[in-house]
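Spelled out, the chains give:
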Amino acid sequence: MTQIPNVYDAEPIPAAALDEVMKLLTSADLFRYTAAENAPVSLLEQEFAAMMGTKYALAVSSCSAALFLSLKALDLPRGARVLIPAFTFAAVPSSVVHADLVPLLVECGENYRINMDDFAAKLPQADAVLISHMRGHTSDMDAIMTLCDAAGIPVIEDAAHSLGTTWNGRKIGTIGRIGCFSFQSYKMINAGEGGILVTDDADLVARAIIMSGAYEHTWMKHAVPQKAMQHWQNKLPLYNLRLSNLSAAIIRPQLDELPRRVRDGLRNHDHVAAQLNRSPYLDVPAPLSGEARAPDSIQFNLVNMTDAQTQTFAAQAADLGLKVQIFGQSSDNARAFWNWEFLGEAPKLPMTRSMLMRACDVRLPARLTLEDCDVIAQTLVAAAQNATSQKAA
Ligand SMILES: *Cc1c(COP(=O)(O)O)cnc(C)c1O
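A quick note: this is a predicted structure, and the numbers were derived from the prediction, not measured. (Residues numbered from 1 in each chain as written. Predicted model: local features only at pLDDT ≥ 70, side-chain atom pairs only at ≥ 80, totals over all residues. Heavy atoms only, no water.)

With respect to the side chain of serine 70
Then comes step 1: Topologically, serine 70 is positioned in helix α3 (residues 63-73).
Then comes step 2: In terms of polar contacts, serine 70 uses its side chain to reach the backbone carbonyl oxygen of alanine 66, at 2.7 Å.
Then comes step 3: Beyond its immediate sequence surroundings of up to four residues, serine 70 is in contact with Ile156, Ile178, Cys180 and Leu197. (Helix = DSSP H or I, 4+ residues; strand = E, 2+ residues; numbered from the N terminus. Polar contact = N/O pair within 3.5 Å; in protein donor to acceptor, adjacent residues only side chain to side chain. Contact = heavy atoms within 4.5 Å.)

Digging into the side chain of asparagine 301
Then comes step 1: Here asparagine 301 lies in strand β12 (residues 297-302).
Then comes step 2: A distance of 2.9 Å separates a polar side-chain atom of asparagine 301 from the backbone oxygen of glutamate 110.
Then comes step 3: Excluding anything up to four places from it in sequence, asparagine 301 contacts Glu110, Tyr112, Tyr281, Leu282, Asp283, Pro285, Arg358 and Ala359.

Here we look at a nonpolar patch on the surface
Then comes step 1: Among the surface-exposed residues, Val97, Phe342 and Leu343 lie close enough to one another that they form a single nonpolar patch of about 230 Å² accessible area.
Then comes step 2: Topologically, leucine 343 is positioned in the loop between β13 (325-326) and α12 (350-356).
Then comes step 3: With relative accessibility at 30%, the residue leucine 343 sits in the partly exposed group. (Patch = residues over 30% accessible without salt bridge, like charges linked within 9 Å, V, L, I, M, F, W, Y side chains within 5 Å. Areas by Shrake-Rupley, 256 points an atom, 1.4 Å probe, with all protein chains shown as cover. Salt bridge = Lys/Arg side-chain N within 4 Å of Asp/Glu carboxyl O. Buried < 20%, exposed > 50% of the residue type's maximum accessible area, 1.4 Å probe, protein only.)

Remarks on the sheet that holds strand β6 (residues 166-167)
Then comes step 1: Strand order in this open sheet of three strands is β7-β6-β11, and the pairing throughout is antiparallel. The open sheet is flanked by β7 (170-171) and β11 (291-292), the only strands paired with a single partner.
Then comes step 2: Both β6 and β11 contribute to a ladder of two bridges, which runs antiparallel. Considered in β11, the bridge of threonine 166 is made with alanine 292. (Pairing = 2+ DSSP bridges.)

Here's the deal with the nonpolar core
Then comes step 1: With 101 residues, the main nonpolar core has Leu44, Phe48, Phe119, Val129, Leu130, Leu197 and Ile209 as its most contacted residues.
Then comes step 2: Filtering out sequence-adjacent residues up to four positions away, valine 129 remains in contact with Val82, Leu83, Phe119, Leu123, Cys148, Ile153, Pro154, Val155 and Ile156.
Then comes step 3: Counting residues in each nonpolar core, the second largest holds 30 residues, with Val272, Leu302, Met305 and Ala314 among its members. (Core = buried A, V, L, I, M, F, W, Y, C linked by side-chain atoms within 4.5 Å.)

Here it is, written out as structure tokens:
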């Protein structure tokens, strides 16, 4: 039988990173603020801002750190409410809690995107909005920005999994006041850990820079107006969430790989999606119009299956060698909102809950060939057929 491709291994880091890493190991110049200028972290910030077309970028230790600093930089009162989609990763409500704020969960629909009726209904209770583009699925950013601009509510974009995605030609992460990205290993660019935030707002980035750990006058090594920085000198706590030069050296050469990864990731996704959509039991929701995706995984819904058949589907796929995660059915799943017990009692969100009970997740890295993708698609279709043809016990 055909071998199921390994969907977990990461791509090798480009060889160009090796020279820089060797230089850093020899000089031991690993801290971003030691060199007088051109430290790898500073160069990464300049290159990333240029790539995104934003004025400023601040590299930090993770996307969660970027989200936390973004929320702190908004200077909301303690206990202020932050609207977030109910379909996201546990680190997102956690960053809200970490910033002494209260997450307010909004329903997501069968297409994994924010339900705009629930969003509009809950917006009057919110002081800020954090749009998590979960698994790179873009919610209706036009509708969201129109509502938030009219209400004067700031929008942060969690674009951890959306690097390379565009919305009506605009880069995701540059539409709200601040956009946050991840360099964790399962994202488009892999440094093990790392994150970056982008914004055009000098005052916001000044606050985030200081809180990220720019102590004394190290902020002078950031390309940010001095006036904004001086204003906040000694006024803010230092949370020390900086990125190491070593991580920046691993990230920088991967920026050049991004267009290829986006192109191949989308090709692989759409190739598998077309085959799954031919099965009466599998449905890959279409992107919103205006959305150009950059996926490295595929999500699909199981259609017309009982709970038992849903479990059998996952077991059949596993037997065939492919691990499928059903968000709402794998135990302690960090993307199922009812497992976020640290928030207290789970809110009633029937729409998101029913979606999570049938929504499946399979990694589909850009490095796979179309033949690999065929094997994955055929395995999923076969598992669905087997699951639905079994007689009830
Ligand atoms: C991965 C991810 C995060 C967390 O990123 P880290 O860099 O691991 O902190 C947050 N939100 C989304 C949507 C993610 O995919």
